[in-house]
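Listed here are the chains, written in short residue letters.
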Amino acid sequence: MCSVGDAFGVDVADSLDTKSCKCKDCGNQFQGMGKRIICPTCQSRNVEVV
Ligand SMILES: [Zn+2]
């Protein structure tokens, strides 16, 4: 129980850190989060934070 609660806390802190992102490959704009932002449309990692 305790270890599960700790992991959940980390997830919440991560998901609050959202950034406006734009995919350089398909031009999709979306809210990205975390350190590895991947375009939800084309799964490209060629993404910039705007
Ligand atoms: Zn894309």
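Every value quoted in this text rests on a predicted model; they were computed, and no experiment measured them.

## Concerning the overall build of the chain
In terms of helices and strands, the chain carries 1 helix and 3 strands. Seen in sequence order, the chain has helices and strands lined up from the N terminus as α-β-β-β. Within the chain, residue pairs in contact and separated by at least 24 positions form 22% of the contacts whose partners lie at least 6 positions apart. If you sum the accessible surface of the chain, you get close to 4000 Å²; carbon and sulfur atoms cover 53% of it.

## Here's the deal with the coordination of the zinc ion
Around a metal, the idealised angle for a tetrahedral arrangement of four donor atoms is 109.5 degrees; for an octahedral arrangement of six donor atoms it is 90 or 180 degrees. The coordination sphere of the zinc ion, as far as protein atoms go, consists of Cys23 (SG), Cys26 (SG), Cys39 (SG) and Cys42 (SG), spread over 2.3 Å. Geometry at the zinc ion is tetrahedral, judged from the 4 donor atoms that bind it and their angles of 106 to 118° at the metal. Mapped onto the sequence, the donors of the zinc ion take the spacing C-x2-C-x12-C-x2-C. In this pair, Cys23 sits in strand β1 (residues 18–23) while Cys42 sits in the loop between β2 (29–33) and β3 (47–49), placing the two residues 19 residues apart along the sequence. For Cys23, a relative accessible area of 2% corresponds to the buried category. Judged by relative accessible area, which is 34%, Cys42 ranks as partly exposed.

## Digging into the confidence of the model for the chain
Residues of the chain with pLDDT of at least 70 account for 68%, and the chain-wide mean is 83. Of all secondary-structure elements in the chain, the lowest mean pLDDT belongs to helix α1 (residues 2–15), at 58, while β3 reaches the highest, 96.

## Examining the pattern of salt bridges
Under the criterion given, the structure shown has 1 salt bridge. Among the ionic pairs, Lys19 bridges to Asp17, the shortest N-O distance being 3.5 Å.

Each value, and the rule that gives it
- Residues numbered from 1 in each chain as written.
- Predicted model: local features only at pLDDT ≥ 70, side-chain atom pairs only at ≥ 80, totals over all residues.
- Heavy atoms only, no water.
- Helix = DSSP H or I, 4+ residues; strand = E, 2+ residues; numbered from the N terminus.
- Contact = heavy atoms within 4.5 Å.
- Areas by Shrake-Rupley, 256 points an atom, 1.4 Å probe, with all protein chains shown as cover.
- Donors = N, O, S within 2.8 Å, 3.2 Å for Na, K, Ca; no water.
- Tetrahedral: all angles 85-135°; square planar, octahedral: opposite > 155°, others 65-115°.
- Buried < 20%, exposed > 50% of the residue type's maximum accessible area, 1.4 Å probe, protein only.
- pLDDT = per-residue confidence, 0-100.
- Salt bridge = Lys/Arg side-chain N within 4 Å of Asp/Glu carboxyl O.

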